[in-house]
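# Fold and contact review
Here is what each chain is made of, one letter per residue.
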Amino acid sequence: MSLRNPAGRMRYPLALLAVVVGVLLLEFVVEVTLNRYVEAGSTWLPTVGTIGQTVTAYLLPLSLLSTFVVPAVAFYLGVRYARSA
């Protein structure tokens, strides 16, 4: 068995890395935006009750994304990576 990884098989680990980095970057951007919103007290962002409820409402989809979608994509890419051998 060779330890070399053909160039064609590298797309699955790179895709997984892109998904994880993309979600982390998205979470960072949303958190920075929400922090600036809270500090400035702007009214441009649609609110849901209090500021805490608004932050929770905007971070919930990202939490669901990182909890369910990223592991599912990682599993799918792992299966594809294993089958490409």
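Scoring rules and cut-offs
- Residues numbered from 1 in each chain as written.
- Predicted model: local features only at pLDDT ≥ 70, side-chain atom pairs only at ≥ 80, totals over all residues.
- Heavy atoms only, no water.
- Helix = DSSP H or I, 4+ residues; strand = E, 2+ residues; numbered from the N terminus.
- Buried < 20%, exposed > 50% of the residue type's maximum accessible area, 1.4 Å probe, protein only.
- Contact = heavy atoms within 4.5 Å.
- Areas by Shrake-Rupley, 256 points an atom, 1.4 Å probe, with all protein chains shown as cover.
- Expected span 1.5 Å × (residues − 1).
- Bend = angle between axes of the 7 residues up to and from the residue.
- UniProt positions renumbered as here; feature names shortened; annotations may be inferred.

## With respect to the overall build of the protein chain
- Helix and strand content of the protein chain: 2 helices and 0 strands.
- Counting all 85 residues of the protein chain, 13% fall into the buried class.
- Put simply, 67% of the contacts in the protein chain that link residues at least 6 apart link residues at least 24 apart.
- Working note: accessible area of the protein chain is about 6,400 Å², and carbon and sulfur atoms make up 69% of it.

## Comments concerning helix H1 (residues 11-40)
- Its 30 residues give H1 an end-to-end C-alpha distance of 42 Å, which sits within 8% of 44 Å, the value for a rise of 1.5 Å per residue.
- The set of residues buried in H1 consists of Tyr12, Val23, Glu27, Leu34 and Tyr37.
- Considering only its buried residues, H1 is in contact with helix H2 (51-83).
- Note on H1: the residue one or two positions beyond its end, Gly41, has a positive phi of about 70°.

## Focus on H2
- Along its 33 residues, H2 runs 48 Å from first to last C-alpha, staying within 8% of the 48 Å computed at 1.5 Å per residue.
- Roughly 35° is the biggest bend found in H2, and it falls at Leu59, with proline Pro61 one to four residues downstream.
- Among the residues of H2, those classed as buried are Thr54, Leu62, Val70 and Leu77.
- Residues of H2 that are buried make contact with H1.

## Observations concerning the UniProt feature "transmembrane region" (unreviewed entry) in the protein chain
- Taken from the UniProt record, the annotation "transmembrane region" (unreviewed entry) applies to residues 12-38 and 58-79.
- A helix fraction of 100% and a strand fraction of 0% characterise residues 12-38, whose end C-alpha atoms lie 39 Å from each other.
- Here residues 58-79 is 100% helix and 0% strand, with 32 Å between the C-alpha atoms at its ends.

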